[in-house]
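# Report on the structure
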Amino acid sequence: MRRGQLVLVAAALVAVALAPVVLASLQLGYHGDVRATGDYGDPTRDARRALDRAVATAQSGVTGEYAWSRRRAAVTEVRDRLEPRLERLRTSRVDAGTVHAVTYNGTVAEAWADERCPGGPAREFGACVVDRGVLVQNRIGTTHVVGVGLDVTTTTPRGETRVTVFVRPVGR
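Thresholds, definitions, all that
Residues numbered from 1 in each chain as written. Predicted model: local features only at pLDDT ≥ 70, side-chain atom pairs only at ≥ 80, totals over all residues. Heavy atoms only, no water. Helix = DSSP H or I, 4+ residues; strand = E, 2+ residues; numbered from the N terminus. Buried < 20%, exposed > 50% of the residue type's maximum accessible area, 1.4 Å probe, protein only. Contact = heavy atoms within 4.5 Å. Axes fitted to C-alpha atoms, helices over the stretch in contact; angles between N-to-C directions. Parallel < 35°, antiparallel > 145°, perpendicular 65-115°, else oblique. Left-handed = near helix turned anticlockwise from the far one by under 90°. Nonpolar A, V, L, I, M, F, W, Y, C, P; charged D, E, K, R; others polar. Disulfide = S-S within 2.5 Å. 1 Å grid on protein atoms, 1.4 Å probe; cavity = no way out; pocket = protein on both sides within 12 Å on 5 of 7 lines; lining within 4 Å. Points joined across faces, edges and corners; volume = space filled by probe spheres on them. Pairing = 2+ DSSP bridges. Phe/Tyr/Trp six-rings, centres within 6.5 Å; stacked < 30°, edge-to-face > 60°. Lys NZ or Arg CZ within 6 Å of the ring centre and 35° of its normal.

On a plain count of helices and strands, the chain comes out with four helices and five strands. Traced from its N-terminal end to its C-terminal end, the chain shows the element sequence α-α-α-β-α-β-β-β-β. Burial status across the chain gives 31% buried among its 172 residues. Considering only contacts in the chain between residues 6 or more positions apart, those separated by 24 or more positions represent 58%.

This is the structure in C-alpha coordinates:
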(Lines give C-alpha, C1' and ligand atoms only; values in the text may rest on other atoms or scores of the structure.)
Protein backbone atom coordinates (compact mmCIF):
# COMPACT_ATOMS: atom_id res chain seq x y z
CA MET A 1 0.00 0.00 0.00
CA ARG A 2 2.89 2.34 0.78
CA ARG A 3 4.25 1.87 -2.72
CA GLY A 4 0.87 2.81 -4.31
CA GLN A 5 0.75 5.97 -2.20
CA LEU A 6 4.23 6.92 -3.37
CA VAL A 7 3.22 6.53 -7.03
CA LEU A 8 0.11 8.64 -6.44
CA VAL A 9 2.13 11.42 -4.78
CA ALA A 10 4.67 11.38 -7.63
CA ALA A 11 1.88 11.69 -10.22
CA ALA A 12 0.38 14.62 -8.33
CA LEU A 13 3.77 16.40 -8.26
CA VAL A 14 4.22 15.92 -12.01
CA ALA A 15 0.71 17.27 -12.66
CA VAL A 16 1.37 20.33 -10.51
CA ALA A 17 4.71 20.91 -12.26
CA LEU A 18 3.09 20.74 -15.74
CA ALA A 19 0.19 23.04 -14.88
CA PRO A 20 2.10 26.30 -15.56
CA VAL A 21 3.26 24.99 -18.95
CA VAL A 22 -0.29 24.12 -19.98
CA LEU A 23 -1.63 27.48 -18.80
CA ALA A 24 1.14 29.39 -20.61
CA SER A 25 0.47 27.62 -23.91
CA LEU A 26 -3.26 28.35 -23.61
CA GLN A 27 -2.57 32.03 -22.95
CA LEU A 28 -0.23 32.34 -25.92
CA GLY A 29 -2.85 30.86 -28.22
CA TYR A 30 -0.40 28.83 -30.28
CA HIS A 31 -2.11 27.26 -33.26
CA GLY A 32 0.75 25.94 -35.36
CA ASP A 33 1.31 26.65 -39.02
CA VAL A 34 -2.13 27.07 -40.55
CA ARG A 35 -0.81 26.41 -44.05
CA ALA A 36 0.66 23.09 -42.97
CA THR A 37 -2.65 21.69 -41.78
CA GLY A 38 -4.88 19.52 -43.93
CA ASP A 39 -7.67 22.10 -43.69
CA TYR A 40 -5.70 24.68 -45.64
CA GLY A 41 -5.65 24.20 -49.40
CA ASP A 42 -3.65 26.06 -52.00
CA PRO A 43 -5.75 29.17 -52.67
CA THR A 44 -4.45 29.41 -56.25
CA ARG A 45 -5.27 25.79 -57.18
CA ASP A 46 -8.78 26.55 -58.47
CA ALA A 47 -7.53 29.62 -60.33
CA ARG A 48 -4.81 27.61 -62.03
CA ARG A 49 -7.30 24.96 -63.17
CA ALA A 50 -9.59 27.67 -64.53
CA LEU A 51 -6.66 29.25 -66.37
CA ASP A 52 -5.69 25.91 -67.93
CA ARG A 53 -9.19 25.54 -69.35
CA ALA A 54 -9.42 29.20 -70.38
CA VAL A 55 -6.14 29.16 -72.33
CA ALA A 56 -7.07 25.89 -74.06
CA THR A 57 -10.41 27.34 -75.11
CA ALA A 58 -8.97 30.71 -76.14
CA GLN A 59 -6.31 29.25 -78.41
CA SER A 60 -8.60 26.79 -80.19
CA GLY A 61 -9.58 28.19 -83.53
CA VAL A 62 -6.58 30.53 -83.47
CA THR A 63 -3.65 28.11 -83.69
CA GLY A 64 -2.91 27.40 -87.34
CA GLU A 65 -5.58 29.81 -88.60
CA TYR A 66 -3.38 32.90 -88.91
CA ALA A 67 -0.39 33.35 -91.18
CA TRP A 68 2.83 34.13 -89.33
CA SER A 69 2.73 37.64 -90.75
CA ARG A 70 -0.61 38.13 -88.92
CA ARG A 71 0.61 36.83 -85.54
CA ARG A 72 -0.27 40.11 -83.81
CA ALA A 73 -3.91 39.64 -84.85
CA ALA A 74 -3.78 36.05 -83.56
CA VAL A 75 -2.49 37.25 -80.19
CA THR A 76 -5.20 39.91 -80.06
CA GLU A 77 -7.85 37.26 -80.69
CA VAL A 78 -6.43 34.99 -77.96
CA ARG A 79 -6.45 37.87 -75.48
CA ASP A 80 -9.98 38.90 -76.52
CA ARG A 81 -11.18 35.32 -75.99
CA LEU A 82 -9.41 35.09 -72.64
CA GLU A 83 -10.73 38.35 -71.21
CA PRO A 84 -14.30 37.23 -70.33
CA ARG A 85 -12.91 34.10 -68.67
CA LEU A 86 -10.35 36.12 -66.72
CA GLU A 87 -13.06 38.54 -65.62
CA ARG A 88 -15.24 35.63 -64.47
CA LEU A 89 -12.29 34.23 -62.51
CA ARG A 90 -11.61 37.60 -60.90
CA THR A 91 -15.17 37.80 -59.52
CA SER A 92 -16.11 34.12 -59.16
CA ARG A 93 -15.53 33.74 -55.41
CA VAL A 94 -15.91 37.29 -54.13
CA ASP A 95 -18.92 36.24 -52.03
CA ALA A 96 -16.69 33.71 -50.23
CA GLY A 97 -14.02 36.35 -49.59
CA THR A 98 -11.64 35.18 -52.33
CA VAL A 99 -10.44 37.54 -55.04
CA HIS A 100 -8.15 36.62 -57.94
CA ALA A 101 -6.17 39.33 -59.71
CA VAL A 102 -4.78 38.12 -63.03
CA THR A 103 -2.36 40.04 -65.27
CA TYR A 104 -0.23 39.06 -68.24
CA ASN A 105 3.49 38.43 -67.71
CA GLY A 106 5.67 38.54 -70.80
CA THR A 107 8.85 37.91 -68.83
CA VAL A 108 7.83 34.42 -67.73
CA ALA A 109 6.73 33.63 -71.30
CA GLU A 110 10.12 34.74 -72.62
CA ALA A 111 11.93 32.67 -70.00
CA TRP A 112 9.86 29.63 -70.92
CA ALA A 113 10.62 30.20 -74.62
CA ASP A 114 14.36 30.55 -73.98
CA GLU A 115 14.47 27.21 -72.17
CA ARG A 116 11.87 25.07 -73.90
CA CYS A 117 10.57 26.49 -77.16
CA PRO A 118 10.50 23.56 -79.59
CA GLY A 119 12.64 23.92 -82.64
CA GLY A 120 14.86 22.15 -85.06
CA PRO A 121 14.98 21.47 -88.78
CA ALA A 122 13.12 18.14 -88.53
CA ARG A 123 10.10 19.90 -87.11
CA GLU A 124 10.28 22.97 -89.35
CA PHE A 125 9.52 25.22 -86.40
CA GLY A 126 10.57 28.81 -86.60
CA ALA A 127 11.05 31.59 -84.12
CA CYS A 128 9.15 31.95 -80.87
CA VAL A 129 7.87 35.45 -80.13
CA VAL A 130 6.20 36.86 -77.02
CA ASP A 131 3.54 39.46 -77.70
CA ARG A 132 1.69 41.00 -74.72
CA GLY A 133 2.28 37.91 -72.58
CA VAL A 134 1.26 35.38 -75.24
CA LEU A 135 3.97 33.11 -76.67
CA VAL A 136 3.50 32.21 -80.33
CA GLN A 137 5.68 30.27 -82.73
CA ASN A 138 6.08 30.17 -86.49
CA ARG A 139 5.21 26.65 -87.58
CA ILE A 140 5.35 26.20 -91.34
CA GLY A 141 4.27 29.79 -91.93
CA THR A 142 1.34 29.75 -89.52
CA THR A 143 0.97 31.12 -86.00
CA HIS A 144 0.88 28.50 -83.27
CA VAL A 145 -0.09 29.55 -79.71
CA VAL A 146 2.41 27.92 -77.34
CA GLY A 147 1.14 29.43 -74.08
CA VAL A 148 0.41 32.47 -71.95
CA GLY A 149 2.45 33.98 -69.10
CA LEU A 150 0.33 35.17 -66.17
CA ASP A 151 0.67 36.58 -62.68
CA VAL A 152 -2.07 35.46 -60.28
CA THR A 153 -2.62 37.12 -56.92
CA THR A 154 -5.21 35.39 -54.75
CA THR A 155 -6.50 37.22 -51.70
CA THR A 156 -8.45 35.28 -49.08
CA PRO A 157 -9.41 36.02 -45.49
CA ARG A 158 -6.23 34.13 -44.52
CA GLY A 159 -3.87 36.26 -46.60
CA GLU A 160 -2.49 36.85 -50.05
CA THR A 161 -0.74 34.37 -52.35
CA ARG A 162 1.10 35.34 -55.53
CA VAL A 163 2.19 32.97 -58.26
CA THR A 164 3.60 33.43 -61.73
CA VAL A 165 2.63 30.73 -64.20
CA PHE A 166 3.13 29.84 -67.82
CA VAL A 167 -0.07 28.20 -68.98
CA ARG A 168 0.13 25.92 -72.01
CA PRO A 169 -2.98 24.81 -73.85
CA VAL A 170 -4.06 21.38 -72.61
CA GLY A 171 -2.53 18.58 -74.67
CA ARG A 172 0.25 20.77 -76.08
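The description of two packed helices rests on the angle between their axes and on the distance between the axes. Helix H3 (residues 71-91) packs onto helix H2 (residues 45-59) with a crossing angle of 155° between their chain directions and a minimal axis gap of 9 Å. In this view, H2 runs roughly antiparallel relative to H3, as classed from their interaxial angle. In this structure, H2 meets H3 at a crossing whose hand is right-handed. Across the interface between the two elements, Ala 47, Ala 50, Leu 51, Ala 54, Val 55, Thr 57, Ala 58 and Gln 59 from H2 touch Val 78, Arg 81, Leu 82, Arg 85, Leu 86 and Leu 89 from H3. The residue makeup of the contact of H2 with H3, split by class, is 10 nonpolar, two polar and two charged.

What follows concerns the state of the cysteines. Cysteine pairs can be linked by a disulfide, which is a covalent bond between their two sulfur atoms. Counted by the stated rule, this structure contains one disulfide. The disulfide that involves Cys 117 links it to Cys 128, with 1.5 Å between the sulfurs. The sign of the -55° torsion about the S-S bond sets the Cys 117-Cys 128 disulfide as left-handed. In this pair, Cys 117 sits in the loop between helix H4 (106-116) and strand E2 (125-131) while Cys 128 sits in strand E2, placing the two residues 11 residues apart along the sequence. Here Cys 128 falls in the partly exposed class, since its relative accessible area comes to 24%.

This next bit is on the layout of surface pockets. In this structure, the second largest pocket occupies an estimated 150 Å³ of space. Lining the second largest pocket are Ala 50, Leu 51, Arg 53, Ala 54, Arg 85, Arg 88, Leu 89 and Ser 92. When contributions to the lining of the second largest pocket are tallied by element, the ones reaching two or more residues are H2 and H3. A per-element tally of the lining of the second largest pocket places H2 first, with four residues.

Sheet topology note: the strand E4 (residues 142-156)/strand E5 (residues 159-167) ladder contains nine bridges and is antiparallel. Bridging from a neighbouring strand, Leu 150 pairs with Val 165 of E5. As consecutive antiparallel partners, E4 and E5 are separated by two residues.

This paragraph deals with the environment of His 100. Its location among the elements puts His 100 in strand E1 (residues 99-104). Spatially, the C-alpha atoms of His 100 and Thr 44 are 8.3 Å apart, while their sequence positions differ by 56 residues. Setting aside residues no more than four positions away along its own chain, His 100 makes contact with Pro 43, Ala 47, Leu 89, Arg 90, Ser 92, Thr 153 and Thr 154.

Counted according to the given criterion, the structure contains one aromatic pair. Seen in terms of ring centroids, Trp 112 and Phe 166 are 4.7 Å apart; in terms of plane orientation they differ by 20°. Their pairing is stacked. In this pair, Trp 112 is assigned in helix H4 and Phe 166 in strand E5, connecting sequence segments 54 residues apart. Relative accessible area serves as the criterion here: at 11%, Trp 112 is assigned to the buried category. A relative accessible area of 16% means that Phe 166 is categorised as buried. Looking at Arg 79, its charged tip hangs above the ring of Tyr 104, at a distance of 3.8 Å from the centre. A cation sits over an aromatic face here: Arg 139 above Phe 125, 4.0 Å from the ring centre.

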